[in-house]
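# Observations on chain architecture
As a plain string of letters, each chain reads:
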Amino acid sequence: MSVIVYSTKSCPWCVKAKQYLDTLKVGYESIDVGTDKEAAKEIVEKTKQRGVPVVKVGGRYIVGFDQGAIQSALKEEGLLQ
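Now for a look at the structure at hand. Just so you know, these numbers come straight off a predicted model, no measurement behind them.

Procedures and definitions
Residues numbered from 1 in each chain as written. Predicted model: local features only at pLDDT ≥ 70, side-chain atom pairs only at ≥ 80, totals over all residues. Heavy atoms only, no water. Core = buried A, V, L, I, M, F, W, Y, C linked by side-chain atoms within 4.5 Å. Buried < 20%, exposed > 50% of the residue type's maximum accessible area, 1.4 Å probe, protein only. Helix = DSSP H or I, 4+ residues; strand = E, 2+ residues; numbered from the N terminus. Contact = heavy atoms within 4.5 Å. Arc of directions from axis to C-beta. Pairing = 2+ DSSP bridges. Right-handed = clockwise from strand over helix to strand, strands pointing away.

Further remarks concern the nonpolar core. One broad trend across soluble globular proteins is that nonpolar side chains are buried collectively. Core analysis: the biggest nonpolar cluster contains 14 residues, and Val3, Leu21, Val55, Val57, Ile62, Ile70 and Leu74 have the highest contact counts within it. The dominant element in this core, judged by the number of residues it contributes, is helix α3 (residues 67-76), at four residues. Beyond its immediate stretch of four places on either side in the chain, leucine 21 contacts Val3, Val5, Val26, Tyr28, Ile70 and Leu74. If you look at the next biggest cluster of nonpolar residues, it comprises seven residues, including Ile4, Tyr6, Val33 and Ile43.

Below is the structure:
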């Protein structure tokens, strides 16, 4: 899957990021870093950040819910017109 949302169950911005992708009709994999310690370690290594959400589009990691950055990355990957 070329879009992954790293999130936790208690994160309201994670919910907003997923809802935004749903609105755009973009499929994604959701990974709960609260229970998946390997995934949590991976995003800290890649982004040098501990915050969620992290939206991975292709090889690009977007920390936080940034609609503009998410939309731009989706367009670059050909997942959004």
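Within the span of α3, buried status applies to Ala69, Ile70, Ala73 and Leu74. When α3 is viewed along its axis, its buried side chains cluster within an angular range of 130 degrees and face the same direction. Packed against the buried residues of α3 are β1 (3-7), α1 (12-23), β3 (54-57) and β4 (60-63). Positive phi shows up at glycine 78, right after α3, with a value of about 75 degrees.

Turning to the environment of glutamate 76, a few remarks are in order. By secondary structure assignment, the location of glutamate 76 is in helix α3. Measuring from C-alpha to C-alpha, the distance between glutamate 76 and tyrosine 28 comes to 16 Å, with 48 residues separating the pair along the chain.

We now examine unusual backbone geometry. A cis amide bond links valine 52 with the next residue in sequence, proline 53, at an omega value of 5 degrees. Within the secondary structure layout, proline 53 lies in the loop between α2 (37-47) and β3. Phi angles above zero are rare outside glycine, and lysine 25 is one such case at about 60 degrees. Along the polypeptide, lysine 25 turns up in the loop between α1 and β2 (29-32). Although it is not a glycine, lysine 48 adopts a positive phi angle of roughly 60 degrees. In this structure lysine 48 comes out as exposed when scored by relative accessible area, which is 67%.

What follows is about the pairing of β1. Counting buried residues in β1 gives five out of five residues, a clear majority hidden from the surface. Residues Val3, Val5 and Ser7 line one face of β1 and the alternating positions Ile4 and Tyr6 line the opposite face, and both faces are buried. Where β1 and β3 come together, four bridges link them in antiparallel fashion. The residue bridging valine 3 from the neighbouring strand is valine 57, located in β3. As judged from the four bridges shared by β1 and β2, these two strands associate in the parallel manner. Note that in β2 the partner of isoleucine 4 across the bridge is glutamate 29. For the segment spanning β1, α1 and β2, crossover handedness is right-handed.

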